[in-house]
Amino acid sequence: MAKSRNTRRERDADAVVEPVDGGLAQLVPDRDRARAWTLLIDGAPQSHVDLDDPAHLSFEYQRRLGHVIDLVAPPGKPLHVVHLGGGAFTLARYVAATRPRSTQQVVERDAALVQLVRRELPLDPGARIRVRSVDARQGLAKVPDGWADLVLADVFSGARTPAHLTSTEFLDEVRRALKPGGAYAANLADGPPLAHLRGQIATAAARFPELALVADPTVLRGKRFGNAVLVASDLPLPTAELTRRAASDPHPGRVEHGRALTDFTGGAVPVVDVSAVASPAPPPSVFR
């Protein structure tokens, strides 16, 4: 087995290529950063990790989720965080680096991917990160009531969010796991006509009184397929600072909240389990 993997390393110019439960995983070295890697599954970029600088967030959507992590509590305060979807554990590493003594649970269904990442991109043994290889909703159900300060959802199967993670019933589990005043943030992906994104906002609005959405303006205008980060809480969100940070990103984002976000849904109705469908598949051009 080791000999085969070494052969693949040479052929793929130092990339690590292995089959995992969700497809073909590639760990591709970043030529600009000495110990940084990009994880791809079936050619779709999933995560970027810099082992020397775990606070570095390269991907646009991860930077926006990083802003949420920074703003949900005073700087440096340890948090209880649940990550639904692990990838290369980029955001768990970020929390551990920026908020030492945080306690984190990562739920990543793909056990083979977890083994690959642990072997090639090992976690800091001093970080309080527990990884469970089960379905995201099943793993969430194991989180004690009121345990989490923050629940982060970044779950994709074949580049699509599974249907059972898009419903009000799923968000009922999120709310159960959150502490009073805790926050939920989800990485969503959609393209024109943005029906999935509008439905997800309506679904979150049925369970949380405070919402904000961060995305590239061209995505919000329905001009292209892309990511959007949805943030929800029982308490008012730091929208002013989130707006400032998103606007100053390398790829500036726009924050919608309040009445503008309600109007954006265009009358979409909340999604429930019996009618839920997976998010739309991205067009092939997205990964070219």
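Details of the structure are given in the entry above.
All values derive from a computational prediction rather than experimental measurement.

Enquirer: I'd like a description of the overall build of the protein chain, backed by residues and values.
Expert: Looking only at helices and strands, the protein chain has 10 helices and 12 strands in total. On C-alpha atoms alone, the protein chain measures out to a radius of gyration of 18 Å, which is about the 19 Å that the 2.2 N^0.38 rule sets for 288 residues. Its C-alpha atoms give the protein chain principal-axis dimensions of roughly 55 × 40 × 40 Å. Out of the 288 residues in the protein chain, the part that is buried amounts to 50%. Put simply, of all contacts in the protein chain between residues at least 6 apart along the chain, 67% involve residues at least 24 apart. Summed over its atoms, the accessible surface of the protein chain is roughly 13,100 Å², and 52% of this surface lies on carbon and sulfur atoms. Each charge class in the protein chain was averaged separately, 36 positive and 33 negative side chains, and the resulting centres sit 1 Å apart.

Enquirer: For the packing of aromatic side chains, give the residues involved together with the corresponding values.
Expert: Applying the stated rule across the entire model yields three aromatic pairs. Ring geometry for Phe59 and Tyr61: centres 6.4 Å apart, planes at 50°, overall tilted. Just as Phe59 is buried, Tyr61 falls in that class too. For the pair Tyr184 and Phe208, a centre-to-centre distance of 6.3 Å together with 10° between the ring planes defines the contact as stacked. Taken as a pair, Tyr184 in strand 9 (residues 178-190) and Phe208 in the loop between helix 7 (195-205) and strand 10 (210-215) lie far apart in primary sequence, 24 residues in all. Of the residues examined, Tyr184 reaches a relative accessible area of 5% and is grouped as buried.

Enquirer: So, the pairing of strand 8 (residues 148-153): which residues are in play, and what are the values?
Expert: In terms of residue burial, strand 8 counts as a mostly covered element, since six of its six residues are buried. As judged from the four bridges shared by strand 5 (residues 80-84) and strand 8, these two strands associate in the parallel manner. Among the inter-strand pairings, Val82 is bridged to a residue of strand 8, identified as Val151. The sheet contact formed by strand 8 and strand 9 spans five bridges and is parallel. By the bridge assignment for strand 9, Ala148 is matched with Leu178. Considered for its hand, the β-α-β crossover made up of strand 8, helix 6 (residues 168-177) and strand 9 is right-handed.

Enquirer: Pulling in residues and values, what's your account of the layout of surface pockets?
Expert: Taken as a whole, the second largest pocket holds about 250 Å³ of empty space. What lines the second largest pocket is a set of 19 residues, and nearest its centre among them are Leu71, Val72, Ala73, Gly181 and Ala183. Looking at the lining of the second largest pocket, the elements with two or more residues in it are helix 2 (60-71), strand 9 and strand 11 (226-233). With five residues, strand 9 is the largest single contributor of residues to the lining of the second largest pocket.

Enquirer: For the nonpolar core, give the residues involved together with the corresponding values.
Expert: Among the nonpolar cores identified, the biggest contains 34 residues, and Leu84, Val174, Tyr184 and Leu213 are the most heavily contacted of them. Each residue touching Val174, except ones within four places of it in the same chain, is listed here: Leu140, Val151, Tyr184 and Phe208. Judged by nonpolar contacts, the second largest core, of 24 residues, contains Val68, Val95, Ala183 and Val255.

Enquirer: How would you sum up empty space enclosed by the protein? Please name residues and give values.
Expert: Over the atoms rolls a probe the size of a water molecule, and its path tells where empty space is left. Under the definition given, this model contains two cavities of 30 Å³ or more. One number sums up the size of the largest cavity: a volume of about 80 Å³. Residues of the lining of the largest cavity, tallied by class, amount to seven nonpolar, three polar and one charged. The computed volume of the second largest cavity comes to approximately 60 Å³.

Enquirer: Just give me the short version of the side chain of Asp135, but keep the residues and values in it.
Expert: Structurally, Asp135 can be placed in the loop between strand 7 (128-132) and helix 5 (136-141). For Asp135, a relative accessible area of 12% corresponds to the buried category. Side-chain polar atoms of Asp135 contact the side chain of His164, separated by 2.8 Å. For Asp135, the contacting residues outside a window of four places in its chain are Val107, Arg109 and His164.

Enquirer: Which residues make up the sheet that holds strand 4 (residues 44-50), and what values do they have?
Expert: Where strands meet in a sheet, backbone hydrogen bonds hold them as pairs that are either parallel or antiparallel. Judged by pairing direction, the sheet is antiparallel, and its four strands sit side by side in the order 1-2-3-4 without closing on themselves. Where the open sheet ends on each side, the last strands, each with one partner, are strand 1 (16-20) and strand 4. Averaged over neighbouring strand pairs, the angle between their axes works out to 20° when direction is ignored. Sheet analysis places strand 2 (residues 23-29) next to strand 3 (residues 36-41), joined by five bridges and oriented antiparallel. Residue pairing in the sheet places Pro29 in a bridge with Trp37 of strand 3. Against the sheet, helix 4 (residues 111-120) contacts strand 1, strand 2 and strand 3, and its axis sits at roughly 155° relative to strand 1.

Conventions and cut-offs
- Residues numbered from 1 in each chain as written.
- Predicted model: local features only at pLDDT ≥ 70, side-chain atom pairs only at ≥ 80, totals over all residues.
- Heavy atoms only, no water.
- Helix = DSSP H or I, 4+ residues; strand = E, 2+ residues; numbered from the N terminus.
- Rg over C-alpha atoms; globule rule 2.2 N^0.38 Å.
- Buried < 20%, exposed > 50% of the residue type's maximum accessible area, 1.4 Å probe, protein only.
- Contact = heavy atoms within 4.5 Å.
- Areas by Shrake-Rupley, 256 points an atom, 1.4 Å probe, with all protein chains shown as cover.
- Lys, Arg positive; Asp, Glu negative; His and termini not counted.
- Charge placed at Lys NZ, Arg CZ, Asp CG, Glu CD.
- Phe/Tyr/Trp six-rings, centres within 6.5 Å; stacked < 30°, edge-to-face > 60°.
- Pairing = 2+ DSSP bridges.
- Right-handed = clockwise from strand over helix to strand, strands pointing away.
- 1 Å grid on protein atoms, 1.4 Å probe; cavity = no way out; pocket = protein on both sides within 12 Å on 5 of 7 lines; lining within 4 Å.
- Points joined across faces, edges and corners; volume = space filled by probe spheres on them.
- Core = buried A, V, L, I, M, F, W, Y, C linked by side-chain atoms within 4.5 Å.
- Nonpolar A, V, L, I, M, F, W, Y, C, P; charged D, E, K, R; others polar.
- Polar contact = N/O pair within 3.5 Å; in protein donor to acceptor, adjacent residues only side chain to side chain.
- Axes fitted to C-alpha atoms, helices over the stretch in contact; angles between N-to-C directions.

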